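Structure at a glance
As a plain string of letters, each chain reads:
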Amino acid sequence: MNKLPKKFVERVALNLKKYQGITLAQQKSDVAEADTVTLVKDILADVFGYDKYDELTSEHQIKATYCDLAIKIAGKLRLLVEVKSAGSSLAENHLRQVIDYGAHQGIHWVILTNAVEWRLVRIYVANQISHEEVCRIVLADMNPKNEDHLQCLFLYAKEGLTTDAMDAFHQQAQLFNKFTVSAVIRSEAVTSVVRREIRKLFPDLKVGNENLSQLVENEVIKRDTIEGDKAKEAVARMRKAASKLERAKAKASKPIAINVET
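Looking at the overall build of the chain
Across its full length, the chain holds 10 helices and eight strands. Relative to its 262 residues, the chain shows a buried fraction of 38%. Counting only contacts in the chain whose residues sit at least 6 apart along the sequence, the fraction spanning at least 24 positions is 55%. On the chain, roughly 16,000 Å² of surface is accessible, and the fraction owed to carbon and sulfur atoms is 52%.

Side note on the pattern of salt bridges
Within this structure, the stated rule accounts for 10 salt bridges. Ionic pairing is found between Glu-117 and Arg-136, a salt bridge with its closest N-O pair at 3.7 Å. Of this pair, Glu-117 sits in strand 7 (residues 117–125) while Arg-136 is found in strand 8 (residues 129–138), placing the two residues 19 residues apart along the sequence. Of the residues examined, Glu-117 reaches a relative accessible area of 17% and is grouped as buried. Within this structure, Glu-117, Arg-119, Glu-133 and Arg-136 form a network of salt bridges that share partners.

Some words on the sheet that holds strand 8
Spatially, the six strands line up as an open sheet ordered 1-4-5-6-7-8, and their pairing is mixed. Strands with a single pairing partner mark the edges of an open sheet, and in this sheet they are strand 1 (56–57) and strand 8.

Some details on the packing of helix 8 (residues 188–201) against helix 9 (residues 209–220)
Pairs of packed helices are described in terms of their axes, by the angle between the two and the distance that separates them. Between helix 8 and helix 9, whose axes approach to 10 Å, the crossing angle comes to 105°. What the angle tells us is that helix 8 and helix 9 run roughly perpendicular. Contacts between helix 8 and helix 9 involve Thr-191, Ser-192, Val-194, Arg-195 and Ile-198 on the former and, on the latter, Asn-209, Leu-212 and Ser-213. When its residues are assigned to classes, the contact of helix 8 with helix 9 shows three nonpolar, four polar and one charged.

Cut-offs applied
- Residues numbered from 1 in each chain as written.
- Predicted model: local features only at pLDDT ≥ 70, side-chain atom pairs only at ≥ 80, totals over all residues.
- Heavy atoms only, no water.
- Helix = DSSP H or I, 4+ residues; strand = E, 2+ residues; numbered from the N terminus.
- Buried < 20%, exposed > 50% of the residue type's maximum accessible area, 1.4 Å probe, protein only.
- Contact = heavy atoms within 4.5 Å.
- Areas by Shrake-Rupley, 256 points an atom, 1.4 Å probe, with all protein chains shown as cover.
- Salt bridge = Lys/Arg side-chain N within 4 Å of Asp/Glu carboxyl O.
- Pairing = 2+ DSSP bridges.
- Axes fitted to C-alpha atoms, helices over the stretch in contact; angles between N-to-C directions.
- Parallel < 35°, antiparallel > 145°, perpendicular 65-115°, else oblique.
- Nonpolar A, V, L, I, M, F, W, Y, C, P; charged D, E, K, R; others polar.

What follows is the structure, given as structure tokens:
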């Protein structure tokens with residue numbers, strides 16, 4: 001978890017409640033998108049700590065159009081923000097739009113929001129453009145006294161952006177997720193432990209590691225944690241970590257040569 005700056009915590013405590021009420025009122029009134037952009041700029045400034053006049057701009061051109069908001073720190077483009085009206089629901093085509101903007105600009109992080117809901121998205125550009133939603137918050141649900149909520153809000157804040165909190169959070173999320181847990185559960189080490197426990201509880205039951213492994217994969221674990229690129233990446237990360245651990249153990253167990261002068 002990030003160590004939250006006192007200035008950030010105090011700013012959120014001071015301003016969050018005010019904007020929670022405003023966003024819900026604008027959502028109910030179904031205000032125009034231009035009004036929502038103004039509200040989002042105020043939230044980015046008063047809650048998330050960006051300089052409204054120096055670091056937020058709506059004049060950043062992408063292809064033949066302009067994105068709703070761009071965040072620049074020390075003149076460098078760091079984040080794109082796509083804004084939809086407060087009364088509308090964020091849809092897949094809205095997400096594709098901001099991802100296309102970010103990929104075109106070589107930006108890895110974008111925000112899609114209607115002031116009420118905020119989605120932080122990581123963009124990958126390799127053979128093809130892909131994305132991953134890293135964090136989603138509903139502003140009205142955030143409690144400035146809740147540490148987990150503050151950690152989420154910090155990802156959107158200037159302090160979080162300038163300390164690469166988004167990347168750190170994303171790396172942590174990649175390690176602690178359903179794919180990693182699934183890969184660990186399906187590992188030979190865990191299968192052996194489960195097999196021993198079953199045999200201890202039910203001595204007459206004959207269970208082999210291979211049969212148990214097949215049962216876990218086919219009937220216990222959800223298929224979406226086994227198949228696909230993320231599942232393969234989780235298995236690769238687990239094996240790499242296990243190999244690193246084994247090398248460290250082997251290195252630690254080597255006897256230390258002591259030269260004795262006679």
